[in-house]
Amino acid sequence: MIPLLGAGLILIALVTSLMLALPALARPTLPFGVRVGIQRVGDPAITTARRFYARMTGLVAALAAVVSILGLLITGSAVAIGIATTVVIVVDLLLFYRAHRMVRAAKLAGRWAAERRQGVAVDTTFRTDPVRVPWSWGLPALSVLLLTAAIGWARYGGLPATLPSFLGYGTASAQREPTTVLHAFQPVIHQIVVTVTVLATVLAALRARPDLDAARPQGSARRYRVYLRGIAVMSLLSAACLNLALFFAALQLWEIVTPPRSPGRWPSMSRSSCCWAAG
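What you are looking at is a predicted structure, and each value in this text was computed from that prediction instead of being measured.

S.K.: Whenever I open this one, the packing of aromatic side chains confuses me. Can you help?
M.R.: What describes a pair of aromatic rings is the distance from one ring centre to the other and the angle between the planes of the rings. Under the counting rule described, the total for this entry stands at six aromatic pairs. Here Phe32 and Tyr53 contribute two aromatic rings whose centre-to-centre distance is 5.5 Å and whose plane-to-plane angle is 70°, an arrangement assigned as edge-to-face. Here Phe32, found in the loop between helix H1 (2-25) and helix H2 (44-75), pairs with Tyr53, found in helix H2; they are 21 residues apart in sequence, far enough to count as distant. When sorted by exposure, Phe32 lands in the same class as Tyr53, which is buried. Taking 5.8 Å as the distance between ring centres and 40° as the angle between the ring planes, the aromatic pair formed by Tyr156 and Phe185 counts as tilted. Of this pair, Tyr156 sits in helix H5 (residues 139-156) while Phe185 sits in the loop between helix H6 (181-184) and helix H7 (186-206), and the two are 29 residues apart along the sequence. Three or more aromatic residues link up through ring pairs in this structure, and these residues are Phe32, Tyr53 and Phe96.

Here's what the structure looks like:
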């Protein structure tokens, strides 16, 4: 129960941190997706929208943490964590859209668009010479996936009649399910989904329309290329981290290691896995 509580709180904290970082990742002249002039970056309306978004996002995270803890204590199921995290993502996106509407309304009311001459910068090299996918950074995720599949294939013949319930990034030892190919290889299936999803996201991001500064087209194009490559590398490394976590969950599912029964105790090799390794 305690590991699930910790995992739920960490997941909510990670999602909240990502959502709070979204406004900071954009250029100062593009607050919440609304293009404004450089002289309007510090406008009170934009500052108000940023404060509103940050405070409400923090409040949503606090409420979600309390609800997820209560839900987990009442139901004892990890589904409560998934529902709470999903609600946090949806509400945070709605708050981002609300902040977008606040800035847009201020822009229209103050006629900010008429203050400066409008311009558009286009760099055709993003089509003729696009940023390539850094495939080498995807090797760790693929290696972990293949290693998990190989161990699962070797272990499958010696699995008991029932296995612990698979919870995504952990197992429920008290709940057992019949051993089937689909149940036994759930970690591998999850790894495939994670790897394909991240790769598709990277491909879409590298082919998206670049956001360039009309006042500094060449400099912004160079920075945008560095930004895209950094996003691609971080995404592929994140896939490797997720696959590695699923690898450790697979070891518990296949009873190669047993989860610690008390904090501070390392997982130990189970008797069945020792016999399997000796054979």
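S.K.: Whenever I open this one, the environment of Leu73 confuses me. Can you help?
M.R.: Assignment of secondary structure puts Leu73 in helix H2. Using a relative accessible area of 52% as the deciding quantity, one classes Leu73 as exposed. Along the primary structure Leu73 and Leu5 are separated by 68 residues, whereas in three dimensions their C-alpha atoms are 8.9 Å apart.

S.K.: Would you mind going over the nonpolar core with me for this structure?
M.R.: A general feature of soluble globular proteins is that nonpolar side chains tend to end up buried together. Within the largest apolar cluster, 29 residues are counted, with the highest numbers of intra-cluster contacts made by Ala184, Val198, Val202, Leu206 and Trp254. The set of elements that each furnish at least two residues to this core consists of H5, strand S1 (162-166), H7 and helix H8 (217-253). When residues of this core are assigned to their parent elements, the largest contribution, 12 residues, is made by H8. Not counting the four nearest positions on each side in its chain, Ala184 is found in contact with Tyr156, Leu159, Leu163, Leu253 and Trp254.

S.K.: Sorry if this is basic, but what is going on with a nonpolar patch on the surface here?
M.R.: A contiguous nonpolar surface patch, about 430 Å² in accessible area, is contributed by Val66, Leu70, Leu73 and Ile74. Judged by relative accessible area, which is 72%, Ile74 ranks as exposed.

S.K.: Help me understand unusual backbone geometry, please; the structure alone is not making it clear to me.
M.R.: What you tend to see is this: most non-glycine residues have negative phi, and most peptide bonds are trans. Within the chain, Phe32 stands out as a residue other than glycine whose phi angle is a positive 55°. Classification of Phe32 by relative accessible area gives buried; the value is 3%. A positive phi angle, close to 60°, is found at Glu255, a residue other than glycine. Among the secondary structure elements, Glu255 is positioned in the loop between H8 and strand S3 (257-258).

Analysis parameters
Residues numbered from 1 in each chain as written. Predicted model: local features only at pLDDT ≥ 70, side-chain atom pairs only at ≥ 80, totals over all residues. Heavy atoms only, no water. Phe/Tyr/Trp six-rings, centres within 6.5 Å; stacked < 30°, edge-to-face > 60°. Helix = DSSP H or I, 4+ residues; strand = E, 2+ residues; numbered from the N terminus. Buried < 20%, exposed > 50% of the residue type's maximum accessible area, 1.4 Å probe, protein only. Core = buried A, V, L, I, M, F, W, Y, C linked by side-chain atoms within 4.5 Å. Contact = heavy atoms within 4.5 Å. Patch = residues over 30% accessible without salt bridge, like charges linked within 9 Å, V, L, I, M, F, W, Y side chains within 5 Å. Areas by Shrake-Rupley, 256 points an atom, 1.4 Å probe, with all protein chains shown as cover. Salt bridge = Lys/Arg side-chain N within 4 Å of Asp/Glu carboxyl O.

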